[in-house]
Amino acid sequence: MSSPEIASLSWGHMKVKGCSSSYKDCKVWPGGSRTWDWRETGTDVSGSRIRSQTHTYRSTLLFTCSMSHPQHYPGVQPADLEEVLKKGIDLLVIGRGMSEALQVPSSTVDFVKQKGVDVRVLQTEKAVAEYNKLASQGAKVGGVFHSTC
């Protein structure tokens, strides 16, 4: 199975080729994709107040994201990545957001490397470009991408 191409990326919106859904944040791996819901693993421990402002106060959200990033702490956790790592990938690409607000602790990077998987942590637009390049070359690549802050 090949890793699906990320067909489009814009603020708060990602589309994966061959998938009828669109995502705000997503996980991709050879043969599949799904939404990345931070609440599943505790990555988003304090963002509920800010999340509720997303539609009404978009400019406030942008300011909040660029100034304090409370919803991006503690950052990407090993539990966020386990599902993708179990898909037989050789390399994982992590997109930290458009402004690189999402933290990726060194302990998380170490966790991935201990599984024998190479990891690249990049700003999301660069991460998607890198992921798509590797996928088009037939690499067994997975990714987790944050499409806003």
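Residues numbered from 1 in each chain as written. Predicted model: local features only at pLDDT ≥ 70, side-chain atom pairs only at ≥ 80, totals over all residues. Heavy atoms only, no water.

Under an unreviewed UniProt entry, the name given to the protein is Mth938 domain-containing protein, and the organism recorded is Lates calcarifer. Looking at the Sequence similarities (unreviewed entry) heading of the UniProt record, one finds this comment for the protein: "Belongs to the AAMDC family." Recorded under Subcellular location (unreviewed entry), the UniProt text for the protein is reproduced unchanged: "Cytoplasm". (UniProt positions renumbered as here; feature names shortened; annotations may be inferred.)

Can you break down the sheet that holds strand β3 (residues 22-23) residue by residue, with the values?
Pairing within the open sheet is antiparallel, and its three strands lie in the order β1-β2-β3. One side of each edge strand has no neighbouring strand; the edge strands of this open sheet are β1 (6-10) and β3. In this structure, β1 lies alongside strand β2 (residues 13-16), joined through four bridges in antiparallel fashion. Residue pairing across strands places isoleucine 6 opposite valine 16, the latter belonging to β2. (Pairing = 2+ DSSP bridges. Helix = DSSP H or I, 4+ residues; strand = E, 2+ residues; numbered from the N terminus.)

Describe the sheet that holds strand β7 (residues 118-122), with residues and values.
Pairing in this open sheet of five strands is mixed, and the strands run β5-β4-β8-β6-β7 from one edge to the other. Each edge of the open sheet carries a strand with a single partner, namely β5 (32-35) and β7. The mean angle between the axes of side-by-side strands here comes to 10°, regardless of whether they run parallel or antiparallel. Sheet topology note: the strand β6 (residues 91-95)/strand β8 (residues 141-146) ladder contains five bridges and is parallel. Each residue of the ladder has a partner; that of isoleucine 94, found in β8, is valine 144. Sitting on the sheet, helix α5 (residues 124-136) is in contact with β4 (25-29), β6, β7 and β8, with an inclination near 160° to β8. (Axes fitted to C-alpha atoms, helices over the stretch in contact; angles between N-to-C directions. Contact = heavy atoms within 4.5 Å.)

An account of the nonpolar core is needed here, citing residue identities and associated values.
One finds Val76, Leu81, Leu85, Leu92, Ile94 and Val112 to be the most contacted residues of the largest nonpolar core, which totals 18 residues. Those elements that place two or more of their residues in this core are α3 (78-85), β6 and α4 (106-114). Aside from chain neighbours lying at most four places away, what touches valine 112 is Leu81, Leu85, Leu92, Val117, Asp118 and Val119. Core analysis: the next-biggest nonpolar cluster, separate from the first, contains 15 residues, Ile6, Tyr23, Val141 and Phe145 among them. (Core = buried A, V, L, I, M, F, W, Y, C linked by side-chain atoms within 4.5 Å. Buried < 20%, exposed > 50% of the residue type's maximum accessible area, 1.4 Å probe, protein only.)

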